[in-house]
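# Report on the structure
This is what each chain is made of:
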Amino acid sequence: MSGDGNGILRLMKPNDADDIHEFSEHLDRLADVTQFDEDGEKQAPIVAEGLTHIAESAAAFQDLFARLRADGLTDDQRLDLLWDLGEELRHMDEHIHGMAYFDSQISDEEGEGEPLDS
C-alpha cells in the first residue's frame, strides 16, 4: 500500500466469519464447487472467503478510482492512489487464482486447464 496512510484495511467484523461460514455451506451443496475438493481442503470455504474478499476489494477499488479521477490532486497523491488500485487488483487476482473453481475456468479459456465435469 502507499505510504500516505490511506490504504484500505481488510478487517473482518465479528459477524463476517459467520456470514462466510453460512455462504460456504450453500456453496458446499454445489457439485461444480466440490469437484475441486482435495483431502483436507474443501473448496466451498475457500470460494466463500475469496468472493467475500473480492467484493470488499471491488468496493475499495470503486472508492479509490473515484478519488483518482478527482480534481486537485498532486501527482504524488495520484500516484499513491494508482498504486493502491494496483494493490486491490493484485488482491483480487490472488483470490481468483486461489479458488480452484475459478482458476480452472481461466485455465480452460487459456487452453491450459482440464475440462469441468458437466
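Criteria and cut-off values
- Residues numbered from 1 in each chain as written.
- Predicted model: local features only at pLDDT ≥ 70, side-chain atom pairs only at ≥ 80, totals over all residues.
- Heavy atoms only, no water.
- Salt bridge = Lys/Arg side-chain N within 4 Å of Asp/Glu carboxyl O.
- Core = buried A, V, L, I, M, F, W, Y, C linked by side-chain atoms within 4.5 Å.
- Buried < 20%, exposed > 50% of the residue type's maximum accessible area, 1.4 Å probe, protein only.
- Helix = DSSP H or I, 4+ residues; strand = E, 2+ residues; numbered from the N terminus.
- Contact = heavy atoms within 4.5 Å.
- pLDDT = per-residue confidence, 0-100.
- Phe/Tyr/Trp six-rings, centres within 6.5 Å; stacked < 30°, edge-to-face > 60°.

## With respect to the pattern of salt bridges
- One pass over the structure, following the stated rule, counts five salt bridges.
- Two residues, Asp-37 and Lys-42, come together in a salt bridge whose shortest N-O distance is 3.7 Å.
- When salt bridges that share partners are traced, they join Asp-28, Asp-37 and Lys-42 into one network.

## So, the nonpolar core
- Grouped together as the largest cluster of nonpolar side chains are eleven residues: Ile-20, Leu-27, Val-33, Phe-36, Ala-44, Val-47, Ala-48, Ile-54, Met-92, Met-99 and Tyr-101.
- Of all elements in the fold, only α1 (16-27) and α3 (43-69) reach the threshold of two or more residues within this core.
- Looking at this core element by element, the count peaks at four residues for α3.
- In contact with Met-99, not counting residues within four places along its chain, are Gln-43, Ile-46, Val-47, Gly-50, Leu-51 and Ile-54.

## Concerning the confidence of the model for the protein chain
- For the protein chain, the average pLDDT comes to 84, and 80% of its residues sit at 70 or higher.
- Ignoring residues within four places in sequence, the model shows residues 1-12, a span with pLDDT below 50, making 24 contacts including any to other chains.

## Focus: the packing of aromatic side chains
- With the rule as written, the count across this model stands at three aromatic pairs.
- Ring geometry for Phe-36 versus Tyr-101: centroids 6.5 Å apart, planes at 75°, classification edge-to-face. One end of the pair, Phe-36, is in the loop between α2 (31-34) and α3; the other, Tyr-101, is in helix α5 (residues 100-109), and 65 residues separate them in sequence.
- When the centroid spacing of 4.9 Å and the interplanar angle of 80° are considered together, the rings of Tyr-101 and Phe-102 count as edge-to-face.

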